[in-house]
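# Notes for the structure review
Read off the chains here:
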Amino acid sequence: MTAVAFRPLDFGVTQAIVRTTADGTQYLAAKQALEPFARSMGERLLHWATRSPDAIWIAQRERLVGGQIGQTGQWQHISYSQALSRARSVGQWLLDQGLSAERPVAILSENDLDHSILALACLLVGVPFCAVSPAYSLVSTDFEKLRHVISTLTPGAVFVSDLGRYGFALGAAVPADVSVLVGSRWHQPSNIELNHALISFDEVVSTPPTAKVDEAMQAVNGASIAKFLFTSGSTKLPKAVINTHEMWCANQQQMRQSMPVLTEAAPVLVDWLPWNHTFGGNHNWGLVLYNGGTLYIDDGKPTPSLMGETLRNLREIAPTVYFNVPTGFEAIAAAMAHDDQLRKTLLSRVRMFFYAGAALAQPVWDSLYAAQAREIGERIVMTTGLGMTESGPFGIFVTRPEVRAGDLGLPAPALELKLVPADGKTEVRYRGPNITPGYWRNPGATADAFDAEGFFCTGDAVTWIDPNNTNLGLRFDGRIAEDFKLSTGTFVSVGPMRAKIIAAGAPFVQDVVITGLNRQSVGALVFATPAIRSLSDGPNDQPLREVLDTPRVRAHFQQVLDALAATATGSASRVTRLYLMSEAPSIDRGEVTDKGSINQRAVLQHRSSLVDAFDDGTLTGTLVPTTL
């Protein structure tokens, strides 16, 4: 059978410079230099508002009364010239309030048009902002993380899209002397009693700008703080990562040189990824602004209740590049198998797919490729890389179309990697213009994060794809902090093990937590995808625990476990027990991020009783290989 070709895609970094020291430490950099980049993100808004004033910068569907998703809402658009005009007005209001890094703006709401204008205004006049995880307000039951965020930031103003939804969190965590901006979209009357000064965002947008706005714009430079992004927080409270304008602009230029597709035409994105996270808020939102593109806000999400809205949007809007997490691509792959309109629109002009956040199972790749071959006669390159909040986030990117699960590639221009041997693995560390100067109001954590040479210690482990061809770059080898030893002294590499189980159990495995610290063997706690219900004959509202205990589901995972055992090469790679989890991971306990990624350490810590019973062999419902 003739191999299906890839739709053409250039890779900007394909050659590496490697230096090895006597102690085995290696230093890795791209061969090419970083080209000049903008002074500030606000400067990019000025550039595009002048060059392409009528081009659409951002769009979102208008919601009906009550804020329902999936209605017949039409797209509302904001052009670059309109964005600049509104940002200048909001910027004037920010300056009038005397806001600064010491009294920044906190945004508690989801992605929306008001949120985007407020963020632009902050960037324009040099007032830092922080998009806070909506889950801290809407899902949390104790508001501990929200209180921590507010006390760390000491904001001078807080924005919410809807008092009806965010009012309780405001009253519980935000001091009464902080002004509250209320968004124009989805605003509903609220019976919640608040002592805060409430200000309509519509009024703020109508503030007449003065010369102070222009003066403030000129004062913004690379060292100015653009925003704060909080880490997800696992066993500790989240830390506020400082993002300067230089850091963000340098990272966007690094992306342009690593992904030349961004420079070939104005990018068009259809994107749901939350702006409080670096993937959605820095990488994607910044990509559109820096390159004069268009962002269609997707009110969907890769969950059973919201995935339909994402598919609806992708049937209508054709992106030029598309970013998602593995669960999103899994749902898209399943839909494209039978949805002709989805295949036609999504694949019509997309040049690149990109996934991050977790492993993408091989069956998902195969399904996507099959749909692409059927519709357009070629494959779309599925790309990925490695980065983190502290790196802007873009750091490492693949170097060729033939990407395999786990491939990372080479560093972006001007980002130097330090590969340090550590407990049988190799930790990757970062140094470059896109690296954070540290954590806001946390000098201890900042000092601990950098080594003596000024490299940021990531905690990520890597290996060479091919030690004899360093131009192919690196592969992911898990998180060093997640790895552990069995009682035999054998190291268990958690990252590759999780990826192996997810691939073997696709499409029914969302994520996996590996157990066995100081035990004789390895166990796996499995969080299933919603697709697991297709294996059960019960009603749609059947409790998940009952679904997981049905004979068909247990028989399927028994086969998965047996297949894993048959390919194991030793105690560190052999899964001797498997348990299907019915309780969803908790955002309050840091067990899951907004993107749905599981935090191994947090689950093990907060479910220690269950883990002990599981590892002791006393947890009812545990599966073991039939060959044991």
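Above this text sits the structure in question.
Figured I'd write up the structure that's included with this text. Owing to the predicted nature of the structure, the values given are computational and were not obtained by experimental measurement.

## Points about the overall build of the chain
Scanning the chain from N- to C-terminus turns up 21 helices and 28 strands. The dimensions of the chain, computed from C-alpha atoms along their principal axes, are 75 × 60 × 55 Å. Out of the 628 residues in the chain, the part that is buried amounts to 57%. The long-range share in the chain, meaning contacts at least 24 apart out of those at least 6 apart in sequence, stands at 69%. With an accessible surface of roughly 24,100 Å², the chain has 51% of that area assigned to carbon and sulfur atoms.

## What about the packing of aromatic side chains?
Tallied over the full model, the rule gives 21 aromatic pairs. Plain terms: the ring middles of Tyr322 and Phe329 are 5.8 Å apart, the flat faces sit at 90° to each other, and that makes the pair edge-to-face. For the pair Tyr322 and Phe353, a centre-to-centre distance of 6.2 Å together with 75° between the ring planes defines the contact as edge-to-face. Pair noted here: Tyr322 is in strand E14 (residues 321–324) and Phe353 is in strand E15 (residues 352–355), with a separation of 31 residues, a long-range link. Both residues of the pair, Tyr322 and Phe353, count as buried. Joined through ring pairs, the aromatic side chains of Phe11, Phe279, Phe323, Phe354, Phe394 and Phe397 make up one cluster. Positioned above the aromatic ring of Tyr369 is the side chain of Arg379, whose terminal nitrogen or guanidinium carbon lies 4.2 Å from the ring centre. Sitting above the plane of the Phe614 ring, Arg577 keeps its charged end 5.4 Å from the centroid.

## Things to note about unusual backbone geometry
Gly392 connects to Pro393 through a cis peptide bond whose omega is 10°. Note that Pro393 resides in the loop between strand E17 (385–387) and strand E18 (394–397). The peptide bond linking Ala506 to Pro507 adopts the cis configuration, its omega dihedral lying at 5°. Residue position: Pro507 is located in the loop between helix H17 (494–505) and strand E26 (509–515). Here the phi dihedral of Thr154 falls at roughly 45°; this positive angle occurs in a residue that is not glycine.

## Topic: the sheet that holds strand E28 (residues 575–581)
Read from one edge of the open sheet, three strands run E26-E27-E28, paired in mixed fashion. The open sheet terminates on both sides in strands that have one partner only, identified here as E26 and E28. Shown here is a sheet whose adjacent strand axes are inclined to one another by a mean of 25°, direction ignored. Taken together, the six bridges between strand E27 (residues 522–528) and E28 define a ladder with parallel strand orientation. Among the inter-strand pairings, Gly523 is bridged to a residue of E28, identified as Arg577. Each of E26, E27 and E28 touches H17; the most contacted strand, E26, lies at about 140° to it.

## Digging into the nonpolar core
Formed by 131 residues in total, the largest nonpolar core has its most connected members in Trp57, Leu94, Leu118, Trp285, Ile514 and Phe557. The element best represented in this core is helix H3 (residues 113–125), accounting for ten residues. Core analysis: the second largest hydrophobic core is formed by 30 residues, Ala106, Val158, Val160 and Val180 among them.

## Section: helix H6 (residues 163–173)
Regarding H6, the residues found buried are Leu163, Tyr166, Gly167, Ala169, Leu170 and Ala173. Against the buried residues of H6 lie helix H4 (135–138), helix H5 (144–153), strand E7 (157–160), strand E8 (179–182) and strand E9 (198–200). For H6, the N-terminal capping position is held by Asp162, with its side-chain oxygen 2.8 Å away from the main-chain nitrogen of Gly164.

## With respect to the pattern of salt bridges
Where side chains of opposite charge bring their charged atoms close, a pairing between them can arise. This model, assessed by the stated rule, comprises 34 salt bridges. Across the salt bridge formed by Glu110 and Arg165, the nearest N and O atoms sit 2.7 Å from each other. With Glu110 in the loop between strand E5 (105–107) and H3 and Arg165 in helix H6, this residue pair connects regions lying 55 residues apart in the sequence. Each of the salt bridges in this network shares a partner with another, and the network as a whole consists of Lys418, Glu427, Arg429, Asp451 and Glu453.

## Focus: the pairing of strand E21 (residues 425–431)
Of all seven residues making up E21, five are buried, and the element is well covered by its neighbours. Pairing analysis gives seven bridges linking strand E20 (residues 416–422) to E21, with the strands arranged antiparallel. For Glu416, the partnering residue across the bridge sits in E21 and is Arg431. A loop of two residues connects E20 with E21, the two strands running antiparallel in sequence, and Asp423 in this loop sits at a positive phi of about 55°. Looking at chain direction, E21 and strand E22 (residues 456–464) are connected through three bridges and run antiparallel. Within the sheet, the bridge partner assigned to Tyr430 lies in E22 and is Phe456.

Parameters and conventions
- Residues numbered from 1 in each chain as written.
- Predicted model: local features only at pLDDT ≥ 70, side-chain atom pairs only at ≥ 80, totals over all residues.
- Heavy atoms only, no water.
- Helix = DSSP H or I, 4+ residues; strand = E, 2+ residues; numbered from the N terminus.
- Buried < 20%, exposed > 50% of the residue type's maximum accessible area, 1.4 Å probe, protein only.
- Contact = heavy atoms within 4.5 Å.
- Areas by Shrake-Rupley, 256 points an atom, 1.4 Å probe, with all protein chains shown as cover.
- Phe/Tyr/Trp six-rings, centres within 6.5 Å; stacked < 30°, edge-to-face > 60°.
- Lys NZ or Arg CZ within 6 Å of the ring centre and 35° of its normal.
- Pairing = 2+ DSSP bridges.
- Axes fitted to C-alpha atoms, helices over the stretch in contact; angles between N-to-C directions.
- Core = buried A, V, L, I, M, F, W, Y, C linked by side-chain atoms within 4.5 Å.
- Polar contact = N/O pair within 3.5 Å; in protein donor to acceptor, adjacent residues only side chain to side chain.
- Salt bridge = Lys/Arg side-chain N within 4 Å of Asp/Glu carboxyl O.

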